[in-house]
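Reading the structure
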Amino acid sequence: MNDGKLIKRFYSPDSAVAQLIEDAVQVWPHGYCEHTTSYQSESDGCWFIEISPQRDSESTRSVIDAYMHIGCGFSYVCIDDQDIKSWLSNGSQFRVVTIQGGHKELAFNLWGVLQNTINTYKSHGLYVKGVILTILGKEIPLDEIDLYVSMVQGFEVDIIPNTCFFFDDQEHDTWLKLHLALHSLEKPGSAVSDVDFSFLKE
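As a starting point, this report considers the structure included with it.

Conventions adopted
Residues numbered from 1 in each chain as written. Predicted model: local features only at pLDDT ≥ 70, side-chain atom pairs only at ≥ 80, totals over all residues. Heavy atoms only, no water. Phe/Tyr/Trp six-rings, centres within 6.5 Å; stacked < 30°, edge-to-face > 60°. Buried < 20%, exposed > 50% of the residue type's maximum accessible area, 1.4 Å probe, protein only. Salt bridge = Lys/Arg side-chain N within 4 Å of Asp/Glu carboxyl O. Helix = DSSP H or I, 4+ residues; strand = E, 2+ residues; numbered from the N terminus. Core = buried A, V, L, I, M, F, W, Y, C linked by side-chain atoms within 4.5 Å.

1. Points about the packing of aromatic side chains
- Enumeration over the complete set of coordinates arrives at nine aromatic pairs.
- Plain terms: the ring middles of Trp87 and Phe94 are 4.9 Å apart, the flat faces sit at 50 degrees to each other, and that makes the pair tilted. The pair Trp87 / Phe94 is uniform in exposure class, with both members buried.
- In this structure an aromatic cluster arises from ring pairing among Phe74, Tyr76, Phe165 and Phe167.

This is the structure in structure tokens:
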């Protein structure tokens, strides 16, 4: 509800993660995201976010990207650090999927992409347990937001809805981002390491 004007300050004591944060901040187009090299409190009104190393660099990038899209632009939904931690607890791997298309095709594309994504991961021993659904760009009516949320809920995943709307003359399109929390389809007693994650690098 802050119109995207909350400064998010990212930090990691891990040098590899710190570089990923720096890379992400450098190309982030919406501002209010900073990289700091020292641990700080939130006493100055900023949201201090410490990023931990994930299973692989792509998962770490996805977690950084998820945080960047919270409190970005105008949002109908208030999401805080506990919501993100709940999403993180759903997965051992994390990925981002971007969905674009014309206004009339966006819902169809969401359904098709999510179905294909879930089936692909399932065939490799993973399931999509949690999704942050972010609707970005040009503002859309609340009933359309409800439609997208209902579609994702239909796949029986834990969903956190989020919106990032920008009110300027250059923003003509709306698109979607799915931040996915993936978990192994493990048998009782099996280890996560038994799952082959190599396909995620393709």
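Picking up after the structure, the text goes on.
2. A look at the pattern of salt bridges
- Using the criterion set out here, one finds five salt bridges in the structure.
- Close ionic contact of Lys177 with Asp65 constitutes a salt bridge, the shortest N to O distance being 3.4 Å. In this pair, Lys177 sits in strand β7 (residues 174-184) while Asp65 sits in helix α2 (residues 57-68), placing the two residues 112 residues apart along the sequence.

3. Considering the nonpolar core
- In terms of nonpolar packing, the biggest core is built from 29 residues, with Phe10, Ile51, Ile64, Tyr67, Met68 and Trp87 touching the most fellow members.
- When residues of this core are traced back to their parent elements, those giving at least two are α1 (15-27), β3 (47-50), α2, α3 (81-88), β5 (126-137), β6 (158-165) and β7.
- Ile99, Ala107, Val131 and Leu180 belong to the second-largest nonpolar core, a separate cluster that totals 27 residues.

In short, geometric facts, not functional conclusions.
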